[in-house]
Amino acid sequence: MAKLQHSIGELIKLSAGYLTEKGCSSPRLDAELLLGHVLGLDRLSLYLNLDKPLNKKEVDEYRALIGQRGQRVPVPHLTGEREFYSLALSVSPQVLIPRPETELLVDKVLELIEPAEPVWILDLGTGSGAIALALACQDPNIFVTAADLSAAALRVAEKNAEQLEMNAQIDFIESDLFENIQGKYNVICSNPPYIPRAQLAQAMPEVRKEPALALDGGEDGLVFYRRILNQAASFLEHSGFVVLEIGCDQARHVREIGEQRGLSWQETVRDYAGKDRVVVFRWA
Ligand code: GLN
């Protein structure tokens, strides 16, 4: 990026090369997302304007972002935004960056419910509000209680709900899992922290810039499944479901924990990489 008169296409190529050297796993995509952010263009528009030169201010701003990305700051922390279930969500370093795998959990919940009548869903550890919002947006009869221990995370989630005009369908509650929750729900869902603590220390640099509170699943990664499944039945309507995202090697353990608590295991759903990703229980 030495000379200033670079076109969009050249800049993307140069910075993708730099990010590759820095060990980023999707360098070209990252370069495009960051340049698109600086220019206020989506990726398609970038491609339609590959020969367009940038002015100095744009290049400087972009260069600073690429520098930070080279330090392995996650792209959504730089753009403040991440797409989830086709929703543009605000994110901050206080929340887990929504992952594409988690869209499977949303798909599964939508498959289980029949919103011809009002459906009440509890989302434990809502973070940015990704799951709660993706669900609520699908039907005006879907009502979600979105809980999180972190007040900072709830502020991000509430901002997202305002932006998407979903406040009427979502209640935000500061709560350590069920602590401040009342009532009964048709579905309890969660993407709890599930990375075993020792593994977290060795995770990719990007992951270590996300809140440990959202990732650290205790010594064996299963602490939150025990806590959730211990209490879930008391907060479920008859025939209600528990739908949980899991780490790819946790299905057997989580199934055992749920069955020991009297829940009936329904299925384990695999993600696009063929890995176990979501477990479904029913309270008969
Ligand atoms: N899927 C995330 C990761 O592997 C973990 C999310 C979580 O702990 N809930 O980085």
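Residues numbered from 1 in each chain as written. Predicted model: local features only at pLDDT ≥ 70, side-chain atom pairs only at ≥ 80, totals over all residues. Heavy atoms only, no water.

**Student:** Tell me about the pairing of strand β2 (residues 87-90), residues and numbers included.
**Tutor:** As defined by bridge partners, strand β1 (residues 81-84) adjoins β2 across 4 bridges and the pair is classed as antiparallel. The residue of β2 that forms the bridge with F84 is L87. Adjacent in sequence and paired antiparallel, β1 and β2 are bridged by 2 residues, among which Y85 carries a positive phi angle near 50 degrees. (Pairing = 2+ DSSP bridges. Helix = DSSP H or I, 4+ residues; strand = E, 2+ residues; numbered from the N terminus.)

**Student:** Requested: an account of the site of the ligand, with residues and values cited.
**Tutor:** Neighbouring the ligand are R99, N191, P192, P193, Y194, I195, A214 and L215. Take N191: an N or O atom from its side chain is 2.7 Å from a nitrogen atom of the ligand. Within the backbone of P192, one N or O atom sits 2.6 Å away from a nitrogen atom of the ligand. Relative to its unbound accessible area of 300 Å², the ligand is 86% covered by the protein chains. With respect to the detected pockets, the ligand is housed in the largest pocket. The residue inventory of the shell around the ligand, partitioned by class, reads 6 nonpolar, 1 polar and 1 charged. (Near = heavy atom within 4 Å. Polar contact = N/O pair within 3.5 Å; in protein donor to acceptor, adjacent residues only side chain to side chain. Areas by Shrake-Rupley, 256 points an atom, 1.4 Å probe, with all protein chains shown as cover. 1 Å grid on protein atoms, 1.4 Å probe; cavity = no way out; pocket = protein on both sides within 12 Å on 5 of 7 lines; lining within 4 Å. Sits in = over half its atoms within 2 Å of the grid points. Nonpolar A, V, L, I, M, F, W, Y, C, P; charged D, E, K, R; others polar.)

**Student:** Got a sec to walk through the packing of helix α1 (residues 8-21) against helix α2 (residues 27-39)? Specific residues and values, please.
**Tutor:** For the pair α1 and α2, interaxial distance at closest approach is 8 Å and the crossing angle is 130 degrees. By the angle class used here, α1 and α2 are oblique. Judged by the twist between their axes, the crossing of α1 over α2 is right-handed. Residues I8, I12, S15, A16, L19 and T20 of α1 pack against P27, R28, D30, A31, E32, L35 and L39 of α2. Grouping the constituent residues of the contact of α1 with α2 by class yields 8 nonpolar, 2 polar and 3 charged. (Axes fitted to C-alpha atoms, helices over the stretch in contact; angles between N-to-C directions. Parallel < 35°, antiparallel > 145°, perpendicular 65-115°, else oblique. Left-handed = near helix turned anticlockwise from the far one by under 90°. Contact = heavy atoms within 4.5 Å.)

**Student:** Residue-level account of the nonpolar core, with values.
**Tutor:** Considering soluble globular proteins, one finds that nonpolar side chains tend to be buried as a cluster. Membership of the largest hydrophobic core comes to 34 residues, with the highest contact counts inside it found for V109, I121, L135, I170, V187, C189 and V243. The biggest single contributor to this core is helix α7 (residues 130-136), with 7 residues. Beyond its immediate sequence surroundings of up to four residues, I121 is in contact with V109, I113, L135, I142, F143, V144, T145, Y185, V187 and C189. L122, I188, I195 and V279 belong to the second largest nonpolar core, which has 32 residues in total. (Core = buried A, V, L, I, M, F, W, Y, C linked by side-chain atoms within 4.5 Å. Buried < 20%, exposed > 50% of the residue type's maximum accessible area, 1.4 Å probe, protein only.)

**Student:** Provide a residue-level description of α1, including the pertinent values.
**Tutor:** The end-to-end C-alpha separation of α1 is 20 Å, in line with the 20 Å expected for 14 residues at 1.5 Å each. Residues of α1 that are buried: I8, G9, L11, I12, S15, A16 and L19. Axial view of α1: buried residues confined to an arc of 155 degrees, hence all on one face. Set apart from the buried face of α1 by more than 90 degrees, the exposed residues are K13 and E21. For α1, the elements touching its buried residues are α2, α3 (43-48) and α4 (56-70). Of the residues one or two after α1, G23 is the one with positive phi, at around 90 degrees. (Expected span 1.5 Å × (residues − 1). Arc of directions from axis to C-beta.)

**Student:** Break down the environment of G247 for me, citing the residues and quoting the values.
**Tutor:** Here G247 shows up in the loop between β7 (236-245) and α12 (251-260). Residue class for G247 comes out buried when judged on its relative accessible area of 6%. Separated by 161 residues in sequence, G247 and S86 place their C-alpha atoms 24 Å apart.

**Student:** How would you explain the packing of aromatic side chains if you had to name every residue and give the values?
**Tutor:** Taken as a whole and assessed by the stated rule, the structure comprises 3 aromatic pairs. Note on F84 and Y85: the rings are 6.3 Å apart at their centroids and 40 degrees apart in plane angle, and the pair reads as tilted. Its relative accessible area of 0% is what places F84 among the buried residues. When the ring centre of W265 is taken as reference, the NZ or CZ atom of R255 above it lies at 3.8 Å. (Phe/Tyr/Trp six-rings, centres within 6.5 Å; stacked < 30°, edge-to-face > 60°. Lys NZ or Arg CZ within 6 Å of the ring centre and 35° of its normal.)

**Student:** Describe in detail the sheet that holds β7, supporting the description with residues and values.
**Tutor:** Across the sheet, 7 strands lie side by side as β5-β4-β3-β6-β7-β9-β8; this open sheet has mixed pairing. Strand pairing shows two members of the sheet lacking a second neighbour, β5 (170-174) and β8 (264-270), which therefore form its edges. Direction aside, neighbouring strands of the sheet carry axes that sit 20 degrees apart on average. Bridge count for strand β3 (residues 119-124) against strand β6 (residues 185-190) is 4 bridges, and the pairing is parallel. Looking at β6, one finds that L124 is bridged to S190. Where helix α6 (residues 102-112) meets the sheet, its contacts fall on β3, β4 (142-148), β6, β7, β8 and β9 (276-283), and the angle it forms with β7 comes to roughly 160 degrees. Where helix α11 (residues 223-231) meets the sheet, it contacts β3, β6, β7 and β9, and its direction lies at approximately 175 degrees from that of β7.

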